[in-house]
Every structure is written in C-alpha cells, then in structure tokens.
Amino acid sequence: MKRFFAFGLLAAALGVSLSAPAVQAGEAMTVYQDPNCGCCHGWAEHMRAEGFDVREVPSSDMAAVKSRLGVPMELASCHTARLESSGQIIEGHVPASAVRKLLASGDTRGTAAPGMPLNAPGMGPMDGNLVTLDFDGRPFSRD
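Once a new chain begins, its residue numbering starts again from 1 and follows that chain's sequence as written. Given that the model is predicted, a residue must reach a pLDDT of at least 70 before its local features are reported, and side-chain atom pairs must reach 80 or more before they are shown or counted; all residues, however, enter totals for whole chains, interfaces and linings. Neither water nor hydrogens contribute to the side-chain values; these are computed over all heavy atoms in the structure.

Q: Mind laying out the pattern of salt bridges, listing which residues take part and the relevant values?
A: We define a salt bridge as a contact between a side-chain nitrogen of Lys or Arg and a carboxyl oxygen of Asp or Glu at a distance within 4 Å. Per the counting criterion, the structure on display carries 7 salt bridges. With its nearest N and O atoms 2.6 Å apart, the salt bridge here joins E91 to K66. Taken together, the residues E91 in strand β4 (residues 89–92) and K66 in helix α3 (residues 62–69) connect sequence positions 25 residues apart. Each of the two residues, E91 as well as K66, counts as buried. Runs of H or I in DSSP of at least four residues are treated as helices and runs of E of at least two as strands, each being numbered from the N terminus. Think of it in three bands: with a 1.4 Å probe and only protein chains considered, a residue is buried below 20% of the maximum accessible area for its type, exposed above 50%, and partly exposed in between.

Q: I'd like to hear about the packing of aromatic side chains, residue by residue, with values.
A: To pair, rings of Phe, Tyr and Trp, with the six-membered ring standing in for Trp, must have centres within 6.5 Å; the planes then decide the type, stacked if under 30 degrees apart, edge-to-face if over 60, and tilted in the middle. Applying the stated criterion to the full structure yields 0 aromatic pairs. We call a charge positioned over a ring when the NZ of a Lys or the CZ of an Arg lies within 6 Å of the ring centre and within 35 degrees of the ring normal. Over the ring of Y32 we find R68; its NZ or CZ atom is 5.5 Å from the centre of that ring. In this structure, K101 is placed above the aromatic ring of F140, and the distance from its NZ or CZ to the ring centre is 4.6 Å.

Q: Please set out the side chain of H79 residue by residue, giving values where relevant.
A: Residue placement: H79 occurs in strand β3 (residues 79–83). The class of H79 is buried, set by a relative accessible area of 0%. The criterion used for residue contact is that any of the two residues' heavy atoms lie within 4.5 Å. For H79, the contacting residues outside a window of four places in its chain are V31, Y32, Q33, C40, W43, M62, K66, I90, E91, G92 and H93.

Q: Could you give an account of the sheet that holds strand β1 (residues 28–33), with specific residues and numbers?
A: What links the strands of a sheet is backbone hydrogen bonding, and the strands pair in either a parallel or an antiparallel sense. Reading across the sheet, the 7 strands line up as β2-β1-β3-β4-β5-β6-β7 and stay open at both edges, with mixed pairing between neighbours. Edge strands, defined here as strands with exactly one partner in the open sheet, are β2 (53–58) and β7 (139–142). Neighbour-to-neighbour, the strand axes of this sheet turn through a mean angle of 20°, independent of strand direction. Across 3 bridges, the pairing between β3 and β4 is antiparallel. Within the sheet, the bridge partner assigned to R82 lies in β4 and is I89. Axes, fitted as lines to C-alpha atoms, cover a helix only where it is in contact. Angles between the N-to-C directions of the axes lie from 0 to 180 degrees. With respect to the sheet, helix α2 (residues 39–49) is in contact with β1, β2, β3 and β4, its orientation differing from that of β2 by roughly 165°. In this fold α3 packs onto β1, β3 and β4, with an angle of close to 35° to the strand it touches most, β3. Two strands are counted as paired when DSSP detects at least two bridges linking them.

Below you can see the structure in the form of structure tokens.
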C-alpha cells in the first residue's frame, strides 16, 4: 500500500494522471452544429471538460457539412466534428474516451454515435451500453 501511495505522489508531482489517458494538451476540434439544436452544445461542453479545445460553428446546412467531411449518411447524427491534428471525424454524441481511442488509431477515418442516443454525452447519463461505430459500420467502442 505504501508503494502505491508513493507512486501516486510521484505521478501527481510529475503531472501524470493515473486514470483516463491524457489528451494532447488542448487537442483542437471544430464542431459543426445546427444552430437550433440544444444538445450539441452539451456534447461540446463534455469534450471541453475532458481537455479538448472545442470551437463551435453553427451551420444551417448540416447535410452539406457531412457530405464535405465524408460522413456516411447511415451514421448521421445532429453534429459533426473534425479533429484538427489528424483530420479524423466524429459524428454525433461520441464520448471523449472513444475520441481518445480514435486519435490513438490513426488508420480509423472516423467514429459515430448514430442518431441521438439517450445514453450519450450531451443527451443523458452514460450507462456503459453506448456503442459507437467506425465509418465502415463496425463497432468501435462501448462506453
């Protein structure tokens, strides 16, 4: 127990987290969202709380944004984000943990939480049953 405590103090002194993997300081993303949708801002706030630098851009033509960014229409949701460092796409209410996984897997083009699932950040409490998909429609994460 003393060794774990000492390790924890050392990690804290070095600024290392013992919990969730750290996002590169201020990992930037741009979120395109319908100005009339209230849940999109809730998702953006979730991402900010998780260490992301989020820029919100209202768009009255989300279909054009999704088309331009290559979002498969069968995976569409209410907002679309682009990670500035990698160009990867996040469609909908994808949790920060799945976005971290996306960043770590550079060969994955994007991930989505299709529709507006009630157990997703910005929509409602997470329950461990939210499945996100990659842009090929395969399960990507469960949060």
